[in-house]
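Results of the structural survey
Given next are the chains, with one letter for each unit.
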Amino acid sequence: MADPDTPGPADRTHHALVTDLETLIEDTARAAARHGWTAVAEAAAALPGRGDRTVLLCASPKADGTALAAHLRTRLPQLEPRTLPLEALHTDPAEALRADLVVLALGCAELLSPVAAAAAAALAARPPGTVLVVLTGADTLSGDDDLALVARRMRRVLHAGPDEEWTGRSPAELGCLLWSTEDPADLPEPLHGLLVRDAVALEERLLARVPVPPQLLHDRVVHLLDLAAGLLAGPARGGDPRRRSADGARTALESGRRKVLDAVDAETAAAEREIVASLRAAEGDLLRRLDGFLERHRQEVSEPGRARGLVAGYLDRGTGGWAAATAPGLRARAARINRVATEAFQELERAFARQGVEGVTVGAPPSVSLDGAAHGPASAPGSRPRGGKPSGVPTRMVVGGALGAAAGAVLTSGLGTLLGAGMGAAAGGVLHHRQTEVQIGRAAAYGRAAVRERFSVLVTGAPAAVRRETGSLRRSAERELDRIGRDLEIALLATRTGPRPARRAAGTAGVVGELRQRLAALEARAAGG
């Protein structure tokens with residue numbers, strides 16, 4: 001038996017990734033000291049070390065930030081809370097990277113400005129365990145309806161666009177904690193119980209302090225390398241056409257990045273909703289038509305051996321119909337993603353040409369195909385789901401095996417029990433048959449269970465497979481855009497420095513390029529699991 005205290009392969013991989021990212025930060029700081037990148041060296045020195053207990057408290061204008069900070073200093077003096085206005089993060093988002101843990105304080109009844117809302121959403125997107133959202137002024141809420149209203153508003157601000165639906169009723173479902181300067185004992189239920197619960201949860205979560213996740217370390221490395229690239233590009237000079245060209249090229253790159261990634265995210269979310277809705281409709285239709293189908297096949301149902309195949313065929317035809325109806329929509333979504341990516345990469349190439357950037361190869365973007373989401377090979381009834389992405393196709397992601405396997409999953413292990421529950425073995429092994437009506441009832445019970453089981457698998461597996469494959473596409477696109485960004489910075493640096501200091505410029509640009517290549521290798525390793 002394995003020792004529970006001995007780290008498993010996943011734990012060792014996670015620890016190795018964290019160690020390598022920390023080493024990369026240290027190497028970047030050493031390179032900054034060696035090449036005189038003062039801003040990079042100062043930014044690296046400002047990052048917290050292991051075991052740092054500092055908490056960054058970012059409060060919106062109408063949140064009780066000062067009172068919350070005083071409360072934390074009194075209750076948890078070892079945490080050393082540092083305060084910062086939320087809007088300041090819009091000007092300098094890197095400030096949040098200097099803290100392992102951020103407390104985001106927002107007023108329950110506050111309407112945030114666009115600047116504050118953007119900063120709050122950026123903080124909420126930090127890795128799990130590195131941000132706590134505290135809603136102050138909770139004593140003004142009057143009951144469940146107010147809680148639901150606050151929850152919906154926080155969902156829109158922190159986690160979703162205005163058109164995304166959410167049916168939650170409580171801030172707790174979003175991981176938000178309620179807090180008030182008022183004594184909870186003076187407040188009625190349910191606020192009294194909620195405030196007491198959340199006050200305890202706030203202290204427990206602040207003291208727990210999970211280890212710094214790889215994603216936060218990754219973001220810190222990216223920030224340091226971006227600073228270095230900016231220093232190598234030279235100071236901004238509004239009248240310098242080369243500077244304007246560089247700014248235009250970088251703006252085009254970031255615009256293309258946002259366009260591609262936003263399209264992937266939007267189409268993925270829409271595909272998930274579409275799949276789940278269509279599966280629920282197909283499930284309901286099969287359940288409604290099941291009794292009539294069994295009645296039309298009374299003779300076959302009376303024989304348990306034939307009933308097994310009968311129900312399996314009914315399910316296969318039903319899921320096959322769902323697949324045929326769903327495939328065109330998924331194919332269209334994949335085409336939209338591919339079209340947006342292609343247009344973005346082509347526009348990027350044209351933008352570089354307009355800005356006079358040479359030596360940067362944009363190339364073709366990766367693509368995704370969702371055809372297999374509805375037409376993957378179905379496994380035999382009762383078999384273990386199999387399937388996956390075809391090997392040897394690094395940039396064209398095919399959703400198929402997982403969904404096809406899910407479509408073939410069906411309850412069969414209980415068929416003999418369900419169909420033969422009333423058929424006991426008499427003395428001498430003589431099998432007594434039940435009446436046909438009883439057999440139809442049992443077959444119907446089995447059929448309903450089989451329908452629900454298969455669609456339960458599909459409702460979970462189909463959206464997950466789409467997310468997995470579009471996620472692979474997203475990571476491939478990000479890596480390709482990062483590569484273009486590295487090549488762009490080297491090309492811009494060579495253009496700015498001219499022939500005389502070209503050797504030194506190439507050397508310093510090469511240092512940044514090498515560090516970025518190490519980061520890309522770690523990203524690929526993390527993506528591979």
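It should be emphasised that the depicted structure is a prediction, and the values quoted were computed from it without experimental measurement.

Right, let's talk about the side chain of R126 for a bit. As for its position among the elements, R126 is in the loop between α5 (114–124) and β4 (131–136). We note that R126 is buried and unpaired, the nearest opposite charge coming from D100 at a distance of 6.3 Å. A polar atom in the side chain of R126 sits 3.3 Å from the backbone oxygen of D100.

Once that is clear, we can look at the pattern of salt bridges. A pair can form between side chains of opposite charge whenever their charged atoms are brought close. Enumeration over the complete set of coordinates arrives at 29 salt bridges. Here D27 makes a salt bridge to R518, at a shortest N to O gap of 2.8 Å. With D27 in helix α1 (residues 9–35) and R518 in helix α16 (residues 502–527), this residue pair connects regions lying 491 residues apart in the sequence. Residue classification places R518 among the partly exposed residues on the basis of a relative accessible area of 32%. A salt bridge links D285 to R288, with the shortest nitrogen-to-oxygen separation between them at 3.8 Å. Of this pair, D285 and R288 both sit in helix α9 (residues 241–296), three residues apart, which is roughly one turn of the helix. You can call D285 partly exposed: its relative accessible area is 29%. Classification of R288 as exposed rests on a relative accessible area of 62%.

This paragraph deals with the environment of P61. Looking at the secondary structure, you find P61 in the loop between β1 (55–59) and α3 (65–75). On the basis of relative accessible area, P61 is assigned to the exposed category, the value being 53%. For the pair P61 and L112, spaced 51 residues apart in the sequence, the C-alpha separation amounts to 8.3 Å. Leaving out residues up to four positions away in the same chain, P61 has contacts with E87 and E110.

Spatial ordering of the open sheet is given by β2-β1-β3-β4-β5, a layout of five strands whose pairing is parallel. Looking at the sheet topology across the chains shown, the edges are occupied by β2 (81–85) and β5 (176–178). Each strand of the sheet is rotated relative to its neighbour by a mean of 25°, with strand direction disregarded. Where β1 lies against strand β3 (residues 101–107), five bridges are found, and the strand directions are parallel. By the bridge assignment for β3, L56 is matched with V102. Against the sheet, α5 touches β1, β3 and β4, its axis set at about 140° to β3. In this fold helix α6 (residues 144–158) packs onto β3, β4 and β5, with an angle of close to 125° to the strand it touches most, β3.

About the criteria used
Along each chain, residues carry numbers from 1 onward, in the same order as the chain's sequence is written. With the structure being a predicted model, the display of local features is reserved for residues of pLDDT at least 70 and the display and counting of side-chain atom pairs for 80 or more, all residues being used for whole-chain, interface and lining totals. With hydrogens and water stripped out, all remaining heavy atoms of the structure feed into the side-chain values. Think of it this way: any DSSP run of H or I at least four residues long counts as a helix, any run of E at least two long counts as a strand, and we number them from the N terminus. Per-residue accessibility, obtained with a 1.4 Å probe over protein chains only, is compared with the maximum for each type, and a residue is labelled buried under 20%, exposed over 50%, and partly exposed between these values. Neither His nor the chain termini are counted; the positive set is Lys and Arg, and the negative set is Asp and Glu. Salt bridges, as used here, are contacts in which a Lys or Arg side-chain nitrogen is within 4 Å of a carboxyl oxygen on Asp or Glu. By the criterion applied in these results, polar contacts are pairs of N or O atoms within 3.5 Å in which, for protein atoms, one can donate a hydrogen and the other can accept it, and in which residues neighboring in sequence qualify only through two side-chain atoms. Residue contacts are defined here by distance: any two heavy atoms, one from each residue, within 4.5 Å place the two residues in contact. Pairing between strands is defined by DSSP: at least two bridges between them are needed. Each axis is a line fitted through C-alpha atoms, and for a helix only the stretch in contact is used; angles between axes span 0 to 180 degrees, taken between their N-to-C directions.

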